[in-house]
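Observations on the three-dimensional arrangement
Okay, here's what each chain looks like letter by letter:
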Amino acid sequence: MANTLYNKHIISIPELSRDELALIVATAGELKARPNPTLLKNKVIASCFFEASTRTRLSFETAIQRLGGSVIGFPDGGNTSSGKKGETLADSVRVISSYVDGFVMRHPKEGAARLASEFSEGVPVVNGGDGANQHPTQTLLDLFSIYETQGRLDNLNIAMVGDLKYGRTVHSLTQALSKFEGNRFFYIAPDALAMPEHLLDELTAAGHPYSLHSSITDVVPELDVLYMTRVQKERFDESEYAHIKAAFILNAAMLRDAKPNMKVMHPLPRVDEITVDVDKTPHAYYFEQAENGVYAREALLALVLNEQVEGVAQ
Amino acid sequence: MSTDNKLQVEAICHGTVIDHIPAHIGFKILNLFQMHGSDQRITIGLNLPSSALGSKDLIKIENVVISEDQASQLALYAPQATVNQIEDYQVVAKLPLTLPEVIQGVFRCPNSNCIAHGEPAVDSSFRVLSEADDVKLRCKYCEKVFSREIMTERH
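Cut-offs used in this document
Residues numbered from 1 in each chain as written. Chains lettered and ligands numbered in written order. Predicted model: local features only at pLDDT ≥ 70, side-chain atom pairs only at ≥ 80, totals over all residues. Heavy atoms only, no water. UniProt positions renumbered as here; feature names shortened; annotations may be inferred. Phe/Tyr/Trp six-rings, centres within 6.5 Å; stacked < 30°, edge-to-face > 60°. Helix = DSSP H or I, 4+ residues; strand = E, 2+ residues; numbered from the N terminus. Buried < 20%, exposed > 50% of the residue type's maximum accessible area, 1.4 Å probe, protein only. Pairing = 2+ DSSP bridges. Right-handed = clockwise from strand over helix to strand, strands pointing away. Axes fitted to C-alpha atoms, helices over the stretch in contact; angles between N-to-C directions. Contact = heavy atoms within 4.5 Å. Buried area = accessible area lost by both parts, 1.4 Å probe. Salt bridge = Lys/Arg side-chain N within 4 Å of Asp/Glu carboxyl O.

Going by what an unreviewed UniProt entry lists, chain B is known as Aspartate carbamoyltransferase regulatory chain and is assigned to Salinivibrio kushneri. Comment text from UniProt for chain B, heading Subunit (unreviewed entry), reads "Contains catalytic and regulatory chains." In its Sequence similarities (unreviewed entry) section, the UniProt record describing chain B reads: "Belongs to the PyrI family."

Chain A is annotated in an unreviewed UniProt entry as Aspartate carbamoyltransferase from Salinivibrio kushneri. Turning to chain A, the UniProt record has this under Function (unreviewed entry): "Catalyzes the condensation of carbamoyl phosphate and aspartate to form carbamoyl aspartate and inorganic phosphate, the committed step in the de novo pyrimidine nucleotide biosynthesis pathway." In its Pathway (unreviewed entry) section, the UniProt record describing chain A reads: "Pyrimidine metabolism; UMP biosynthesis via de novo pathway; (S)-dihydroorotate from bicarbonate: step 2/3."

Here it is, written out as structure tokens:
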């Protein structure tokens, strides 16, 4: 396929087509197998973190440098002089875009990346997370990890566990996987943190089956992917949390009936929602998943900033 | 009934009559069209009897012709309203109230963490999502979806 991602802003998962998602995943696989240190040669990329996020920033900056690009930017917008002086985001973006070939940004306000794309004068903007809204590169690395472990992105049984109400990663992953055929979703959450209705409606409209559950062990034998997220203790009173802990915290014994191919994923950082005994099981994949963040971001930046990426079927 | 209305709200020679507005929505519509600062003569009828609605509001604006775009925005508040353009005391056109695809610069995003707040260079912008009778608006920036009621009640 043609590289339709060239010069495109990457703001929100629903805006990426199935073919574009598949192209990014294929390119990430290529770059993991055969590193290419020239794809961003002579490119300068802004890595502007108006809100601190260590893992996302470091993996973006690693990706840029591994492809031969240069990085400018800041790790925390609160410490910039423009931030302290109260410059609007629109003005900051106008100025920084004039220095660079690509613009990676994270911002605590929802919609910041979309706004940046309107003021970047054609310089492609990559959303590194905008408040509780979107975090598309997390979803891309999740997809790459699923493909890497299962060999496909369709006909999968995927469970998502934890804070499904506020968790942007599970929202975006649902939207991305719903673009592929035959996927079945299992949502496991306390009632107070259930998946938003409008996303379930989208699944129904796209013809994907889903079901709601209150226990991980009920569905483990059916799963290819068990995607864990954190249930924030502070959302519940003490006795409620004690009950929730039993149902929504994963330990190794709960994986006894899992299929051999089943992988446990997590966007990290984990607190106590996956006990450390899971780390030693063949199902644990969250640290490899985090490493894959570099390859997924390499792939995305390479495709956005090059009309053609050699070695990748296009 | 029409005789009663004529007695209660005087006819206008030239301008726009917005009729069949659900009761209590009239002031919001004045606000929507920024009519409170207008120099034109505006006649407002509140809680008028209506065979269709029980009670209704009605607005007559002298010398102001509402465009189809403006009428589309009105559709969000009062889908059953009628907008008549008046010339020489006669109705010369009835504007259709069809929901617009996008509503720009009218509503403030209810999400307080949306970047659209506090950025003077951008207007709020919402895509109208309409399914059967259910109308929702999705903010272009924060991508959150809000019901018609949330948007119109806050305005």
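Back to the text.
The next thing to look at is the packing of aromatic side chains. Residues and elements named next belong to chain A. Considering all chains together, one arrives at five aromatic pairs over all chains under this definition. Judged by centre distance (5.1 Å) and plane angle (85 degrees), the ring pair of F50 and F74 falls under edge-to-face. Of the two residues, F50 sits in the loop between β1 (44-49) and α2 (54-66) while F74 sits in strand β2 (residues 70-74), which places them 24 residues apart along the sequence. Residue F74 is classed as buried on the basis of its relative accessible area of 15%. Each ring, one from Y187 and one from Y210, has its centre 6.4 Å from the other, and the planes form 55 degrees; the classification is tilted. With Y187 in strand β6 (residues 184-188) and Y210 in strand β7 (residues 210-213), the pair connects residues that are 23 residues apart, well separated along the chain.

The subject of this paragraph is the pairing of β7(A). Residues and elements named next belong to chain A. In this sheet, β7 lies alongside β6 in parallel orientation, the contact comprising four bridges. The residue bridging Y187 from the neighbouring strand is L212, located in β7. Between β6 and its parallel partner β7, the chain crosses via helix α8 (residues 197-205), and the hand of that crossover is right-handed.

Residue and element names in this part refer to chain B. As summarised here, the arrangement of the five strands in space is β2-β3-β1-β4-β5, forming an open sheet in which the pairing is antiparallel. The open sheet has two edge strands, β2 (42-50) and β5 (90-95), and neither has a second partner. If you compare each strand with its neighbour and ignore which way they point, the axes differ by 25 degrees on average. In this structure, strand β4 (residues 82-87) lies alongside β5, joined through five bridges in antiparallel fashion. Within β5, the residue paired with E87 across the bridge is Q90.

Moving on, we get to the side chain of A:S59. All names here are of chain A. Among the structural elements, S59 can be located in helix α2. With a relative accessible area of 7%, S59 lands in the buried category. Excluding residues that lie within four positions of it along the chain, S59 makes contacts with G293, V294 and R297.

All names here are of chain A. Spatially, the four strands line up as an open sheet ordered β2-β1-β3-β4, and their pairing is parallel. Each of the sheet's edge strands pairs with one partner strand only, and the pair in question is β2 and β4 (125-130). Looking at each pair of strands side by side, their axes are set apart by 15 degrees on average, direction ignored. As defined by bridge partners, strand β3 (residues 102-107) adjoins β4 across four bridges and the pair is classed as parallel. Pairing of V104 across the sheet is with V126, part of β4.

It is worth spelling out the UniProt feature "domain: Aspartate/ornithine carbamoyltransferase carbamoyl-P binding" (unreviewed entry) in chain A at this point. Within this structure's numbering, the places UniProt gives as "domain: Aspartate/ornithine carbamoyltransferase carbamoyl-P binding" (unreviewed entry) are residues 8-148 of chain A. With 45% helix and 16% strand, residues 8-148 of chain A has its two end C-alpha atoms placed 25 Å apart.

As a further point, take the environment of A:V93. All names here are of chain A. Tracing the backbone through its elements, the reader meets V93 in helix α4 (residues 89-97). Linking V93 and E121, residues 28 residues apart in sequence, is a C-alpha distance of 9.1 Å. Beyond its immediate chain neighbours, meaning those up to four positions away, V93 contacts F103, A116, F119 and S120.

Further remarks concern the interface of chain B and chain A. Tallying the contact residues gives 15 residues for chain B and 18 residues for chain A. The largest contributions to the chain B side of the interface with chain A come from B:N113, B:I115 and B:E143, which together make up 40% of the buried area. Counting every contact that joins chain B to chain A gives three salt bridges. Salt-bridge contacts for A:E110 lead to B:K144; the nearest nitrogen and oxygen are separated by 3.4 Å.

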